[in-house]
Amino acid sequence: QVQLVESGGGLVQAGGALRLSCRASGRTFSDYDMGWFRQAPGKEREFVAAISKRGGRTSYADSVKGRFTISRDNAKNTVYLQMNSLKPEDTAVYYCAASLTWDPKRTYDYWGQGTQVTVSS
């Protein structure tokens, strides 16, 4: 079992930045590929970004490429999502997820509870 706890969400003005963190516990963190997803009110959950076990591979949704950066620190059991140039349409609950296999947009075994990000115009 892997427990994931997100933090770092909040309210920010358009054009601003936030850094989300997701700390894992329970299993060996470096055994897992990690992903970030988001869900806006009335919409389906969507893929945002993913990073492989040792950080050598990353994947991003087209909507966030060039603005968001995913990274991880295996010594701290933590994955990050640096979000720059935020837009109102980035407003959502952001979730981190862990997967034993690299399938960045689909297959995840564990999920966090989410952290709210609100971008005002």
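Please refer to the structure placed before this passage.
What you are looking at is a predicted structure, and each value in this text was computed from that prediction instead of being measured.

So what about the sheet that holds strand β1 (residues 3-7)? Which residues, and what values?
Sheet architecture is open: four strands sit in the order β1-β3-β8-β7, paired in antiparallel fashion. Each edge of the sheet is formed by a strand with only one pairing partner; in this case those strands are β1 and β7 (68-73). This sheet shows a mean twist of 15° between the axes of neighbouring strands, independent of strand direction. For strand β3 (residues 18-25) and strand β8 (residues 78-83), the ladder comprises six bridges, and the chain directions are antiparallel. Residue pairing for β8: Ser21 is matched across the bridge by Tyr80.

So what about the side chain of Thr91? Which residues, and what values?
With respect to the element layout, Thr91 can be found in the loop between β8 and β9 (92-99). A polar contact is formed between the side chain of Thr91 and the backbone nitrogen of Val119, at a distance of 2.9 Å. The residues contacting Thr91, other than those within four sequence positions of it, are Ala40, Gln116, Val117, Thr118 and Val119.

The rules we used
- Residues numbered from 1 in each chain as written.
- Predicted model: local features only at pLDDT ≥ 70, side-chain atom pairs only at ≥ 80, totals over all residues.
- Heavy atoms only, no water.
- Pairing = 2+ DSSP bridges.
- Helix = DSSP H or I, 4+ residues; strand = E, 2+ residues; numbered from the N terminus.
- Axes fitted to C-alpha atoms, helices over the stretch in contact; angles between N-to-C directions.
- Polar contact = N/O pair within 3.5 Å; in protein donor to acceptor, adjacent residues only side chain to side chain.
- Contact = heavy atoms within 4.5 Å.

Such coordinate-based values are descriptive only and should not be taken to indicate function.
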